[in-house]
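Coordinate analysis (summary)
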Amino acid sequence: MQTHLKAVDRLGRTHLIDLDRTEFVVQEKAELIFTHLKKLLDRGDKAKVQQCIEATLALVQRRMDRGISDHDKAVKHNYGFIGERAIHLDIGRIEKIPKPKEYQRITQRINTWLQANDSSS
């Protein structure tokens, strides 16, 4: 039995996709990392902000421990949350090539955003 998906693009064209012959990833809808952190900051929940940052960085570290790097530098579009769970959203530039400085780069981008958006610091 073949499995097909009927998809309609933004121009209204219909496409029939053979799922048995097409690679794809099913992903839940997530809230982008900085949108999520901003909501927590606005509520004054600094402990939860720190937990979310730690969860994101733990996710990055697990990926890096497997020798997988992300060549897309846009942290704001690549990470997000489904409830309390950190996820990697955009996997388009993932490769099995280690990038040892990636963790520091992502940490710096998050810290820069936090300094610009946390009025209490």
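Structural data are supplied above this passage.
As a starting point, this report considers the structure included with it. (Residues numbered from 1 in each chain as written. Predicted model: local features only at pLDDT ≥ 70, side-chain atom pairs only at ≥ 80, totals over all residues. Heavy atoms only, no water.)

**A closer look at the overall build of the protein chain**
Helices and strands together make up the secondary structure of the protein chain, namely four helices and seven strands. The order of α-helices and β-strands along the protein chain, N terminus first, is β-β-β-α-α-β-α-β-β-β-α. Taken against the 2.2 N^0.38 rule, which gives 14 Å for 121 residues, the C-alpha radius of gyration of the protein chain at 18 Å runs more than 25% over that of a compact globule. When the backbone C-alpha atoms are referred to their principal axes, the protein chain occupies close to 55 × 35 × 25 Å. For the protein chain, with 121 residues in total, the buried portion stands at 31%. Summarising the internal contacts of the protein chain: among those between residues at least 6 apart in sequence, 61% fall at separations of at least 24. As displayed, the protein chain has an accessible area near 8,500 Å², and 53% of this comes from carbon and sulfur atoms. In the protein chain, which carries 22 positive and 17 negative side-chain charges, the distance between the mean positions of the two groups comes to 3 Å. (Helix = DSSP H or I, 4+ residues; strand = E, 2+ residues; numbered from the N terminus. Rg over C-alpha atoms; globule rule 2.2 N^0.38 Å. Buried < 20%, exposed > 50% of the residue type's maximum accessible area, 1.4 Å probe, protein only. Contact = heavy atoms within 4.5 Å. Areas by Shrake-Rupley, 256 points an atom, 1.4 Å probe, with all protein chains shown as cover. Lys, Arg positive; Asp, Glu negative; His and termini not counted. Charge placed at Lys NZ, Arg CZ, Asp CG, Glu CD.)

**Some remarks on helix 1 (residues 33-43)**
Those residues of helix 1 that fall on the buried side of the exposure criterion are Ile33, Phe34, His36, Leu37, Leu40 and Leu41. Buried positions in helix 1, seen along its axis, are confined to an arc of 155° and lie on one side of it. Opposite its buried face, helix 1 presents the exposed residues Asp42 and Arg43, each directed more than 90 degrees away. Of the surrounding secondary structure, the elements contacted by the buried residues of helix 1 are strand 3 (31-32), helix 2 (46-65), helix 3 (75-78), strand 5 (79-82) and helix 4 (102-117). Positioned one or two residues after helix 1, Gly44 has a phi angle of 80°, which is positive. (Arc of directions from axis to C-beta.)

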